[in-house]
Amino acid sequence: MRSIFLLAAAALPLSPLAAQDRGNSQGDLSVTIYNDDQALIRDARSVTVPDGITSIPFPDVSAQIRPETVTLEGEGFIIREQNFDYDLLSPGALMAKAVGRQVTLIRTNPATGVETRERATILAVNNGVVMQIGERIEVLRDDGLPVRVVFDEIPSNLRAKPTLSVTLEAERPATRQLALSYLSGGLEWRADYVALFDEPEGKLDVQGWITLTNNTGTTFQNARTLLVAGSVGEVQSNPYPQRRGGRATQRMDPGTESADRERLGDFYLYPLEGRTTIANAQQKQVSFLDVSGAAAARGYEFTNDWLRSDDEAQAVATVIKFSTSQQGGLGDALPAGTVRVYQRDARGNAQFIGESEVGHTPAGSQLALVTGRRSM
């Protein structure tokens, strides 16, 4: 049995809190995204704060906000408490909140188009909706007749968007500049590289792309975006975390050159040019590296285990060797990512010859990317 309930939006007046949410939208956004699914969001908004104690809603925050990391900067007020409201407005949530309350059922006869209206009290919402209509008990179900459920109001504890509510106490009313900062999961970035290898010329063209992924439940409009290459320290809930498995697909001799870019402590920063909108449930790609003619060569490598001997031929790794140095190389530090290597065939068409993973790589490093294996 399948329950059906449709929301008649025109019949639902906005609660005062919902109307207030609508006027307090995102402001000047700055988003710093780290590796390992962590981001710092700073949202500077102009907010009208009345005198006395009042609750100020901040809608459009991340649904994966870490409430314990929230800070609110501003002058002329004292923070009393804060609440993160993540119970979002939906047909299911609206029906669940209506238990014990009355709603209006509107059924339409598909043959005549005639509508009938009945008042019903919602008794329970457990794998279906149980209602009392007059003296009878019914289950709201899909019986082939179009049915709408009209609610008298939206409960104040349901939000259309993820919302942080902060209770402030101010001595006088004023429009204030408030800067909200918090850490959140759900924002990730990775680097991907496309490399075109010209073996006769011994050259390598490399284009680097940043892929942003937003699964926070919120769109960040027109944000200054900064990417941090590296893993910042976090408190582990498991005191003995397991190491992530994986296979190394590249060999690196780390370099000691300083890349010509900003650093934050030991981390290199990759600011995106201008401002960008990071839409929810979206992957966005932005170019950050475009190098032509870096010196490169093909090579073959075979690692023999200690005191090992073989009677049969073994496969060797095919590698592409190049440098990230300023002179003759890519000239930059590389964030961790996947390098996909192409080479032109006799007809001049670029053909895929293999891919390899690289870790965070300082400038001046010597890299050997494993693109495949061949028999000796």
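In case you missed it, the structure is sitting above this.
All figures in this text were calculated on a predicted structure; none of them were measured in a lab.

Visitor: I'd love a proper account of the pairing of strand β18 (residues 267-278), names of residues and values included.
Guide: Where strand β15 (residues 220-229) lies against β18, 7 bridges are found, and the strand directions are antiparallel. Counted as the bridge partner of L226 is P271 from β18. In this structure, the hairpin formed by strand β17 (residues 263-264) and β18 is closed by a connection of 2 residues, where G265 is found at a positive phi of approximately 65°.

Visitor: An account of the environment of Q102 is needed here, citing residue identities and associated values.
Guide: Residue placement: Q102 occurs in strand β6 (residues 102-108). Distance from Q102 to D152, taken between C-alpha atoms, is 8.0 Å for residues 50 residues apart in sequence. Beyond its immediate sequence surroundings of up to four residues, Q102 is in contact with R119, A120, T121 and D152.

Visitor: Account for the packing of aromatic side chains, naming residues and giving values.
Guide: Taken as a whole, this structure holds 4 aromatic pairs when the rule is applied. Aromatic rings pair up to connect W189, Y193, Y270 and F288 into one cluster.

Visitor: Break down the nonpolar core for me, citing the residues and quoting the values.
Guide: Counting residues in hydrophobic clusters, the biggest one holds 55 residues, and the most contacted among them are I33, F58 and Y193. Top contributing element to this core by residue count: strand β13 (residues 187-198), with 6 residues. In this structure I33 touches Q38, A39, L187, E188, W189, L212, T225, L226, L227, V228 and I278, once residues within four positions along its chain are discounted. If you look at the next biggest cluster of nonpolar residues, it comprises 17 residues, including V103, I122, V149 and F151.

Visitor: How would you sum up the pattern of salt bridges? Please name residues and give values.
Guide: A full pass over the atoms with the stated rule returns 18 salt bridges. The salt bridge partner of R148 is E115, with a shortest N-O separation of 3.2 Å. In this pair, R148 is assigned in strand β10 (residues 147-150) and E115 in strand β7 (residues 115-125), connecting sequence segments 33 residues apart. Ionic pairing is found between E355 and R340, a salt bridge with its closest N-O pair at 3.1 Å. Here the residue E355 occupies a position in strand β22 (residues 350-358), and R340 occupies one in strand β21 (residues 337-344), the gap between them amounting to 15 residues. The exposure class of E355 is partly exposed, given its relative accessible area of 40%. Taken together, the shared-partner salt bridges in this structure form one network comprising R107, E118, R136 and E138.

Conventions we followed
Counting restarts for each chain: residues are numbered from 1 in the order of the written sequence. Local features in a predicted model are, by the rule used here, given only for residues with pLDDT of at least 70; side-chain atom pairs are given and counted only at 80 or more, and totals for whole chains, interfaces and linings are based on all residues. With hydrogens and water excluded, all non-hydrogen atoms of the structure serve as input to the side-chain values. Whether two strands pair comes down to DSSP finding at least two bridges between them. Secondary structure elements are taken from DSSP: a helix is a run of H or I of four residues or more, a strand is a run of E of two residues or more, and numbering for both begins at the N terminus. Contacts between residues were defined by any pair of non-hydrogen atoms, one from each residue, lying within 4.5 Å. Whether two aromatic rings pair depends on their centres lying within 6.5 Å, for rings of Phe, Tyr and Trp, where Trp uses its six-membered ring; planes under 30 degrees apart make the pair stacked, over 60 edge-to-face, and the rest tilted. Within this scheme, the nonpolar core is defined by two criteria: the residues are buried Ala, Val, Leu, Ile, Met, Phe, Trp, Tyr or Cys, and they are joined through side-chain atoms within 4.5 Å. The cut-offs for exposure are 20% and 50% of the maximum accessible area for each residue type, with area from a 1.4 Å probe on protein chains only; residues under the lower value are buried, those over the upper are exposed, and the others partly exposed. Any Lys or Arg side-chain nitrogen found within 4 Å of a carboxyl oxygen on Asp or Glu counts as a salt bridge.

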